[in-house]
Protein chains: 4
Amino acid sequence: MIEGKLNDIGASLLYGQVGGGPGSFIGPVHRAAIAMNNQAKLVAGSFSHIPSKTVQVAKELGIDTDRAYADFHDMAVKEGARTEGRIDFIIITVPNHIHFAVAKAFLEQGINVVCEKPMAFTEEEAKELVALASGYKAEFMVTYTYTGYPMVREARNLVRTSALGTLRVIAAEYPQDWLADPIECAGTNRQAVWRTDPKYAGVSCCVGDIGTHVENLVHFITGLEIDKLAASLETFVEGRLLDDNAYVLLKYKGGASGNYWSSQVAIGKENGLRIRVYGTDGAIEWEQENPNVLRFQKKGGPLQLLTRGSGYLSAAARHVTRLHAGHPEGYFEAFANLYRSFCNVLMARKQGHTPDPLDVFPTVVDGARGTKFVFDCVKSSKEGAVWVDASFDI
Amino acid sequence: MIEGKLNDIGASLLYGQVGGGPGSFIGPVHRAAIAMNNQAKLVAGSFSHIPSKTVQVAKELGIDTDRAYADFHDMAVKEGARTEGRIDFIIITVPNHIHFAVAKAFLEQGINVVCEKPMAFTEEEAKELVALASGYKAEFMVTYTYTGYPMVREARNLVRTSALGTLRVIAAEYPQDWLADPIECAGTNRQAVWRTDPKYAGVSCCVGDIGTHVENLVHFITGLEIDKLAASLETFVEGRLLDDNAYVLLKYKGGASGNYWSSQVAIGKENGLRIRVYGTDGAIEWEQENPNVLRFQKKGGPLQLLTRGSGYLSAAARHVTRLHAGHPEGYFEAFANLYRSFCNVLMARKQGHTPDPLDVFPTVVDGARGTKFVFDCVKSSKEGAVWVDASFDI
Amino acid sequence: MIEGKLNDIGASLLYGQVGGGPGSFIGPVHRAAIAMNNQAKLVAGSFSHIPSKTVQVAKELGIDTDRAYADFHDMAVKEGARTEGRIDFIIITVPNHIHFAVAKAFLEQGINVVCEKPMAFTEEEAKELVALASGYKAEFMVTYTYTGYPMVREARNLVRTSALGTLRVIAAEYPQDWLADPIECAGTNRQAVWRTDPKYAGVSCCVGDIGTHVENLVHFITGLEIDKLAASLETFVEGRLLDDNAYVLLKYKGGASGNYWSSQVAIGKENGLRIRVYGTDGAIEWEQENPNVLRFQKKGGPLQLLTRGSGYLSAAARHVTRLHAGHPEGYFEAFANLYRSFCNVLMARKQGHTPDPLDVFPTVVDGARGTKFVFDCVKSSKEGAVWVDASFDI
Amino acid sequence: MIEGKLNDIGASLLYGQVGGGPGSFIGPVHRAAIAMNNQAKLVAGSFSHIPSKTVQVAKELGIDTDRAYADFHDMAVKEGARTEGRIDFIIITVPNHIHFAVAKAFLEQGINVVCEKPMAFTEEEAKELVALASGYKAEFMVTYTYTGYPMVREARNLVRTSALGTLRVIAAEYPQDWLADPIECAGTNRQAVWRTDPKYAGVSCCVGDIGTHVENLVHFITGLEIDKLAASLETFVEGRLLDDNAYVLLKYKGGASGNYWSSQVAIGKENGLRIRVYGTDGAIEWEQENPNVLRFQKKGGPLQLLTRGSGYLSAAARHVTRLHAGHPEGYFEAFANLYRSFCNVLMARKQGHTPDPLDVFPTVVDGARGTKFVFDCVKSSKEGAVWVDASFDI
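Every value quoted in this text rests on a predicted model; they were computed, and no experiment measured them.

Colleague: How do you make sense of the sheet that holds strand β1 (residues 13–19) of chain A when you look at a structure like this?
Modeller: Backbone hydrogen bonds are what pair the strands of a sheet, in a parallel or an antiparallel way. All names here are of chain A. A sheet is described by the order of its strands in space; here 5 strands give the open sequence β2-β1-β3-β4-β5, paired in parallel fashion. Edge positions in the open sheet fall to β2 (40–46) and β5 (140–142), since each of these has one partner strand only. Averaged over all adjacent pairs, the angle separating strand axes in this sheet is 20°, with direction ignored. Two elements, β1 and β2, share 6 bridges in a ladder whose sense is parallel. Within β2, the residue paired with Q17 across the bridge is G45. Of the strands in this sheet, β1, β2 and β3 (89–93) are in contact with helix α1 (residues 26–37), which crosses β3 at around 145°.

Here's what the structure looks like:
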């Protein structure tokens with residue numbers, strides 16, 4: 001459990017939300033994750049561009065209807081102008097193609113941002129957000145949720161403390177099966193419709209949606225920077241305009257190599273994100289669907305199953321652990337961990353303290369790295385899956 | 001996800017808490033679980049018997065300090081007398097030996113109750129609570145948390161719809177290791193101290209704390225009623241006054257038999273609750289540490305791994321599912337599911353509707369059944385692990 | 001692999017077989033296991049009591065038909081009288097009720113014996129075989145096959161070298177499902193017919209067939225001697241004369257306790273023998289269906305998965321390892337390991353050497369212990385699953 | 001078990017061996033596998049090029065020393081000239097670089113051949129062996145052992161009977177860790193020395209040794225023919241002359257794509273061959289280290305764990321099953337299954353019967369396909385991991 005203090009010490013921060021109205025999957029997840037921490041209170045929102053709907057959601061969520069907006073620009077300006085009850089941060093849970101515009105609008109008001117990935121549609125937009133966040137000294141979190149799992153933190157700590165020696169090989173994958181059939185044609189699955197439509201999803205479906213999680217998680221755990229890559233993006237479902245399966249080979253700076261596979265047509269796979277890292281002295285393996293266990297191998301010894309909540313884990317893992325070992329934590333708690341760290345940092349800043357270095361979360365720079373990765377993959381694939389320079393420099 | 005509606009549609013219920021102050025593990029878990037649902041708001045509490053502490057917690061939790069109490073009797077009377085802003089339910093998260101007194105005090109005010117298990121110290125107390133709840137027409141939930149897992153609901157549905165045929169054999173266990181050493185002697189682990197002290201824990205440590213979860217979960221899934229049992233309660237750690245390991249053999253009404261093992265000295269086991277049910281036509285197996293999977297076997301066919309969130313599951317499982325398949329749910333969500341059903345029932349009653357039959361939760365009767373089980377085990381063991389009549393009739 | 005030498009160094013021993021003709025499952029398994037080692041050659045046999053059949057099998061197996069017998073007494077006398085080409089040992093693979101008579105006949109010729117379990121029908125017979133083997137200085141192996149697995153040897157070594165500290169709790173089980181229906185009535189499954197018939201199977205079906213494997217394996221690994229036990233033998237299939245499900249609670253000498261469950265009606269279980277041992281300092285867990293892995297837990301550390309063939313294992317495990325790690329060994333190899341050790345001991349004796357202490361196998365004394373266990377369980381169950389004295393003293 | 005007949009019906013075939021003397025790992029494995037079947041008897045051999053050693057091994061194996069040779073050419077000619085007691089087949093268990101010469105020598109005598117993979121050093125040699133086998137009407141088995149596992153046969157049957165629909169994605173891998181350090185420099189591990197030496201191992205270490213098993217097993221199960229591939233072969237251990245890690249991306253004829261990873265530096269991996277096949281209607285997954293289970297997924301249904309020996313399996317799996325479900329079979333049995341089918345075919349041919357179509361094994365054509373795969377990978381990698389045509393046409 002969170003050591004030495006109540007884990008719900010009062011909602012001292014205020015936040016607003018753009019998106020998350022009726023039919024949204026991820027919108028309520030964000031709110032529930034924040035609610036678990038009891039650190040922040042929802043006070044404003046643009047939940048729908050239809051005025052009556054945004055007001056209705058506000059009522060249901062117990063928000064003053066004066067602070068319910070149909071237009072997010074309007075919201076940014078008005079909320080930005082408040083002197084009392086001003087929101088400390090905005091959470092952006094709209095479809096991908098609007099992320100950039102919303103983020104920009106609130107950054108320009110000096111409001112801290114939490115944005116779903118991908119935070120931008122192009123590399124230029126991504127760079128602009130990095131610059132804005134820097135210029136306005138705003139905190140900017142991109143919700144690469146999987147970085148919030150305690151055993152991912154343990155993996156990161158093992159790599160960063162050299163328990164694996166020099167890294168050599170990364171084998172990572174993210175197979176799913178929800179797009180194995182042309183379900184976007186029926187139109188009933190809203191997410192399927194926009195994910196496969198270049199207008200709303202951007203240049204890629206599979207890499208953009210899940211391949212980018214692989215990229216982010218590998219980077220979060222290992223710190224490796226990609227040097228070059230070769231990607232083969234494929235579309236198995238006839239008539240689909242974007243990729244639904246992708247292979248990426250990678251060379252990292254420093255000599256390690258890697259192999260990412262992501263798929264939306266792998267029958268039977270639900271959310272099979274898996275990261276394996278091999279070094280000269282050891283290896284780790286972690287699977288998102290069994291997140292409370294980290295497989296750790298020291299050279300020459302037996303495989304060890306490290307479990308969340310155990311006394312032998314590092315401070316990095318314990319910092320984001322809520323329950324005793326054996327009481328499973330899941331996706332919601334990973335999400336809530338990101339928000340806790342984000343809110344801790346905001347509170348530290350408000351109070352003039354240095355944030356706890358264990359309060360890490362994916363930032364606008366990680367978002368920009370992810371955007372570049374998607375574009376590099378698309379570029380390589382279009383040219384015949386050739387090797388392309390893929391170094392990231394911001 | 002919860003189908004067709006926002007899963008946080010506004011805090012329309014009010015609640016109070018007794019217990020859950022500084023150092024409490026389970027108190028904040030209850031609050032976080034309730035917060036995830038956004039159905040109820042904490043407005044009153046007796047968090048500590050020390051006046052300054054209860055006030056401080058109230059402040060931290062954003063509660064009006066007028067409604068912070070040091071004495072729970074005082075709280076029951078005053079809160080019971082309110083006409084406006086009256087609490088809809090009280091949650092009881094104090095040590096075991098006070099459960100009964102607190103529950104009784106609030107029932108006598110006609111206030112609905114949520115109580116940690118065991119809800120009572122003796123069979124007489126348990127019967128009294130059953131009678132009070134019935135007399136006051138109060139809803140009374142005992143938080144046998146594991147009944148809130150979606151795949152437990154699926155297991156229950158499979159058994160209840162005869163997918164397993166006639167039940168024959170139950171093999172259930174709950175090994176842990178946290179009391180393998182005499183940690184109660186050091187005094188630093190508060191829970192170890194009171195769990196092993198008959199004054200606070202009652203007649204049993206191992207059976208009372210975890211064996212009773214086995215009893216409850218088997219009953220919840222199968223509906224089987226125990227006919228007789230033979231129990232061997234053992235104490236491995238020298239000087240300990242209560243049991244830390246227990247075997248129970250059981251004969252159920254109708255011909256099935258069972259075998260429960262619970263232990264607090266099984267090195268390496270964290271929270272290893274596992275239920276296996278074998279019938280004439282099929283079998284199921286479920287493990288709390290891997291709660292998103294239910295193993296299901298039809299006679300003659302291959303083992304099937306049913307996973308939470310999948311389209312082939314029953315309405316019973318879907319009703320308490322929050323996230324898509326592959327996004328792990330854990331202990332917090334199981335807890336929150338119990339609260340959601342409890343709150344749904346309270347709201348239905350307030351609105352004069354019939355509650356949804358899928359909104360099930362362990363009741364005061366289940367609590368009484370659990371209390372009797374513990375006493376029957378202790379009785380059998382004391383007489384030499386002989387078979388004793390263990391039928392429950394209330 | 002077997003270190004430093006060919007693992008097939010020439011068939012220098014000769015053996016005969018009683019049983020193992022057409023329709024036999026286990027007879028050919030014994031021969032194949034011996035063949036893997038290339039240490040012994042089959043030269044005589046009584047494969048059937050029908051003269052033409054025994055001759056036919058002899059021909060198929062490439063044996064001189066002069067040494068094919070219909071009557072095992074005849075075989076024992078004639079083979080015992082040979083001075084040249086005399087068999088070094090006899091293997092007994094007939095139905096249970098003839099084990100004793102065959103074993104006795106060959107022991108009385110001073111011929112070493114390998115016998116399927118149970119080696120006897122009554123405790124008196126068992127004692128007589130122990131006395132005969134001792135009197136004739138014959139080696140006598142009972143093929144409790146599971147003791148031949150390398151990781152069982154590792155488990156034994158860990159317990160015997162105190163890696164687990166003082167033993168406290170044994171949780172062992174052996175569920176199967178092949179008798180879940182009354183298949184003996186159809187008559188087509190020969191084994192089902194005799195296993196459920198007291199005339200051929202003795203006093204117990206489930207405990208006699210598989211419960212005894214649990215008893216043997218626990219003893220082999222831990223060395224624990226049973227002090228008393230309470231057993232509940234049950235019959236779920238209507239009309240069946242013997243037990244098909246059994247629970248046994250045990251107290252061992254020295255303070256440990258245990259819990260054995262064996263079943264032949266546990267739908268979906270194929271051959272689920274599993275042993276778990278918990279001590280003050282550590283624990284182990286082994287499953288027969290995944291035999292190349294041993295789960296090992298040191299107090300306070302992570303669970304370790306020890307794998308057959310690994311460099312960190314003990315000499316005890318390496319002694320019976322044939323293949324590199326990662327190349328699965330199975331039931332045949334376990335069987336062959338028993339025969340290798342048995343043959344090694346015979347060769348050492350012939351050559352006047354002291355046998356390698358790593359060449360262990362279950363002996364006639366273990367067979368007698370197993371026989372007593374079955375009778376103790378039946379006695380307890382008949383008297384109402386009461387506790388009975390179950391100490392073994394020979 | 002093998003249905004309806006003894007599984008050891010007499011050694012009616014004779015065989016010889018080249019290689020398999022002192023220090024050989026695989027030589028004795030072949031002999032033990034053959035011995036399990038009791039179909040063939042070893043009568044001649046060239047176990048070492050040192051005359052005294054080959055004679056000694058012959059003695060130990062019980063072979064007439066007249067038929068022990070130091071020179072395999074000598075052996076081929078003399079054994080080929082026999083009219084009585086002529087060997088039915090030769091098994092070749094020498095280092096890679098001699099495979100071709102030995103195979104050719106015996107084929108030219110019209111003797112059937114069993115050869116370890118890779119059967120040739122160059123594509124030209126491979127083609128020559130195909131032509132020779134065809135010209136002499138000789139059976140030629142290449143011991144890609146993993147094709148002998150029953151659940152691999154089940155996988156093949158599922159794919160071939162369209163249970164998976166149209167194939168889309170292959171994800172296959174074979175990580176090991178035994179070459180993670182420069183152990184070849186010490187010189188004590190003979191296999192490490194020659195595997196990493198181009199003179200003895202050929203153009204590749206990692207792909208040649210284990211990548212080729214991936215290629216073969218995917219082809220065996222799916223029947224897919226490679227159209228083009230891009231391979232990145234890497235060497236992580238400094239000073240090593242050949243690859244120790246390799247990624248291969250593939251496009252198959254007909255539209256499926258694939259991804260093979262093989263490694264000898266993946267710390268903790270013992271023999272991690274794993275094949276996953278995804279089609280439009282289903283998927284399968286099989287791991288060599290847990291060979292008795294096949295994971296099978298039908299679209300929309302739960303994951304099924306198919307287990308060797310179960311009644312619901314196909315004739316293809318049952319044909320090579322020896323033991324009841326739950327009694328693990330391993331690497332030796334897979335090996336023995338290949339030999340059984342090979343011997344069955346030889347016997348059928350001798351007796352003028354049509355071989356049973358279930359008696360399949362990897363042939364000289366599969367060996368040639370494997371040789372080409374290795375060369376295609378090396379070619380692609382040398383040119384910068386570019387895509388190369390990789391179709392196989394013989």
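Colleague: Looking at this structure, I do not really get the pairing of strand β10 (residues 274–279) of chain B. What am I missing?
Modeller: The side chains of a regular strand alternate between both faces of the sheet. All names here are of chain B. Buried residues dominate β10, accounting for 5 of its 6 residues. Two strands pair when backbone bridges link them, and β10 and strand β11 (residues 282–287) are joined in this way by 5 bridges, in the antiparallel orientation. Looking across to β11, one finds that R276 is bridged to E285. Between the antiparallel neighbours β10 and β11 lie 2 residues.

Colleague: I would appreciate a short explanation of the relation of the copies chain A and chain C in the present structure.
Modeller: In this structure, two copies of a chain are linked by a rotation about an axis accompanied by a shift along it. When chain A is fitted to chain C, the best match, at an RMSD of 0.0 Å, comes from turning it 180° and sliding it 0.0 Å along the axis. Each copy turns onto its partner about a two-fold axis. Every residue of chain A has its C-alpha some distance from the rotation axis, and the shortest such distance is that of Q304(A), at 2.3 Å. Both copies present the same face, since 100% of the interface residues in chain A are matched by interface residues at the equivalent positions in chain C.

Colleague: I would appreciate a short explanation of the interface of chain A and chain C in the present structure.
Modeller: Quite often, the size of an interface is put as the accessible area lost when its parts meet. Residue-level contacts link 10 residues of chain A with 11 residues of chain C. When grouped by side-chain class, the residues that make up the side of chain A that touches chain C number 5 nonpolar, 5 polar and no charged. Alignment of strand β13 (residues 303–307) of chain A against strand β13 (residues 303–307) of chain C, held across 3 bridges, turns out to be antiparallel. Note that in β13(C) the partner of L303(A) across the bridge is L305(C).

Colleague: Whenever I open this one, unusual backbone geometry confuses me. Can you help?
Modeller: Peptide bonds are, in most cases, trans, and in most cases residues other than glycine have a negative phi. Residue and element names in this part refer to chain C. The omega angle of the peptide bond from K117 to P118 is -10°, so this bond is cis rather than trans. Here P118 is to be found in the loop between β4 (112–115) and α5 (123–135). Positioned with a positive phi, S162 is a non-glycine residue whose angle comes to about 65°. Following the sequence through the fold, S162 ends up in the loop between α6 (150–160) and β6 (167–175). Residue S162 is classed as partly exposed on the basis of its 13 C-beta neighbours within 10 Å.

Colleague: How should the pairing of strand β12 (residues 293–298) of chain B be read in this particular structure?
Modeller: Relative to β12(B), β11(B) runs antiparallel, the two being bridged by 4 bridges. Note that in β12(B) the partner of A283(B) across the bridge is Q297(B).

Colleague: I keep staring at the packing of helix α3 (residues 72–81) of chain D against helix α4 (residues 96–107) of chain D and nothing clicks. Help me out?
Modeller: Working note: a packed helix pair is described by the angle between its axes plus the distance between those axes. All names here are of chain D. The interhelical angle for the contact between α3 and α4, taken along N-to-C directions, is 15°, at an axis separation of 9 Å. On the basis of the axis angle, α3 is roughly parallel to α4. Where α3 crosses over α4, the two elements pack in a sense that is right-handed. Contacts between α3 and α4 involve F72, H73 and A76 on the former and, on the latter, V102, A105 and F106.

Colleague: Even after reading the chapter, I still don't get the nonpolar core, so can you show me in this structure?
Modeller: One recurring pattern in soluble globular proteins is that nonpolar side chains are buried together. With 544 residues, the main nonpolar core has V113(A), V113(B), V113(C) and V113(D) as its most contacted residues. Not counting chain neighbours up to four residues away, the residues in contact with V113(C) comprise F89(C), I90(C), I92(C), A103(C), F106(C), L107(C), A138(C) and F140(C).

Colleague: How do you make sense of the domain arrangement of chain A when you look at a structure like this?
Modeller: Residue and element names in this part refer to chain A. Here chain A is partitioned into domain 1 (13–143) and domain 2 (149–320 + 363–389). Each of domain 1 and domain 2 was reduced to a C-alpha centroid, and the two centroids are 27 Å apart. Listed by contribution, the elements that provide at least two residues to the side of domain 1 that touches domain 2 are α4 (96–107), α5 (123–135) and β5. Looking at which element gives the most residues to the side of domain 1 that touches domain 2, the answer is α5, with 6 residues. Class assignment for the residues of the side of domain 1 that touches domain 2 results in 12 nonpolar, 3 polar and 3 charged.

Colleague: Teacher, can you tell me more about the UniProt feature "domain: Gfo/Idh/MocA-like oxidoreductase N-terminal" (unreviewed entry) in chain A here?
Modeller: Within the UniProt annotation, "domain: Gfo/Idh/MocA-like oxidoreductase N-terminal" (unreviewed entry) is assigned to residues 25–144 of chain A. Here residues 25–144 of chain A runs as 48% helix and 16% strand, with 16 Å between its end C-alpha atoms.

Colleague: Is there a simple way to explain the sheet that holds strand β5 (residues 140–142) of chain C in this structure?
Modeller: Residues and elements named next belong to chain C. Read across the open sheet, the 5 strands follow the order β2-β1-β3-β4-β5; overall the sheet is parallel. Each end of this open sheet is capped by a strand with a single partner; those strands are β2 (40–46) and β5. Within this sheet the neighbouring strands show an average axis-to-axis angle of 20°, counted without direction. Judged from the 3 bridges that link them, β4 and β5 form a sheet pairing that is parallel.

Colleague: So what exactly am I meant to see when it comes to helix α1 (residues 26–37) of chain D here?
Modeller: Residues and elements named next belong to chain D. Look at α1: 17 Å from first C-alpha to last across 12 residues, which is about the 16 Å you get at 1.5 Å a residue. Within α1 the residues assigned to the buried category are G27, P28, V29, H30, R31, A32, A33, I34, A35, M36 and N37. Positive backbone phi, at 55°, marks N38, one or two positions downstream of α1.

Colleague: What am I meant to see in the environment of A231(A) here?
Modeller: Residues and elements named next belong to chain A. Secondary-structure assignment places A231 in strand β7 (residues 226–234). Here A231 falls in the buried class, since 30 other C-beta atoms lie within 10 Å of it. In this structure, the C-alpha to C-alpha distance between A231 and K379, residues 148 residues apart in sequence, is 8.3 Å. Sequence-distant contacts of A231, defined by excluding residues within four places in its chain, comprise A246, Y247, V248, C377, S380, S381 and A385.

Colleague: Please clarify how the packing of helix α6 (residues 150–160) of chain D against helix α9 (residues 206–222) of chain D should be interpreted in this entry.
Modeller: All names here are of chain D. Running from N to C, α6 and α9 cross one another at 50°; their axes reach a closest spacing of 7 Å. The orientation of α6 relative to α9 falls into the category oblique. Contact residues: α6 offers V152, A155, R156 and V159, while α9 offers L217, F220, I221 and T222. Taken together, the residues of the contact of α6 with α9 break down into 6 nonpolar, 1 polar and 1 charged.

Colleague: What should I look at first to understand the confidence of the model for chain A in this one?
Modeller: The predicted coordinates should not be examined in detail at positions where pLDDT is low. Residue and element names in this part refer to chain A. Overall, the predicted model of chain A reaches an average pLDDT of 94, with 97% of residues at or above 70. Segment residues 1–8 is flagged for pLDDT under 50; beyond a separation of four residues in sequence, or across chains, it makes 18 contacts in the model. Interface predicted TM-score (ipTM) for the complex: 0.94; the corresponding pTM is 0.96.

Colleague: Sorry, what's going on with the UniProt feature "domain: GFO/IDH/MocA-like oxidoreductase" (unreviewed entry) in chain A here?
Modeller: Feature annotation in UniProt assigns "domain: GFO/IDH/MocA-like oxidoreductase" (unreviewed entry) to the following positions: residues 152–285 of chain A. With 27% helix and 32% strand, residues 152–285 of chain A has its two end C-alpha atoms placed 10 Å apart.

Colleague: Looking at this model, I keep getting lost on α5(A). Mind explaining?
Modeller: An α-helical turn contains 3.6 residues, so any two residues separated by three or four positions project in the same direction. Residues and elements named next belong to chain A. In this model α5 runs 18 Å from its N-terminal to its C-terminal C-alpha over 13 residues, within 8% of the 18 Å that 1.5 Å per residue would give. In this structure, the buried residues of α5 make contact with α4, β5 and α12 (364–382). Just beyond α5, the residue with positive phi is K137, at close to 50°.

Conventions and cut-offs
Residues numbered from 1 in each chain as written. Chains lettered and ligands numbered in written order. Predicted model: local features only at pLDDT ≥ 70, side-chain atom pairs only at ≥ 80, totals over all residues. Pairing = 2+ DSSP bridges. Helix = DSSP H or I, 4+ residues; strand = E, 2+ residues; numbered from the N terminus. Axes fitted to C-alpha atoms, helices over the stretch in contact; angles between N-to-C directions. Contact = placed C-beta atoms within 7 Å. Buried ≥ 20, exposed ≤ 12 C-beta atoms within 10 Å, placed from the backbone. Least-squares fit on C-alpha atoms with pLDDT ≥ 70 in both. Nonpolar A, V, L, I, M, F, W, Y, C, P; charged D, E, K, R; others polar. Parallel < 35°, antiparallel > 145°, perpendicular 65-115°, else oblique. Left-handed = near helix turned anticlockwise from the far one by under 90°. Core = buried A, V, L, I, M, F, W, Y, C linked by C-beta atoms within 7 Å. Domains from an automatic or database assignment. UniProt positions renumbered as here; feature names shortened; annotations may be inferred. Expected span 1.5 Å × (residues − 1). pLDDT = per-residue confidence, 0-100.

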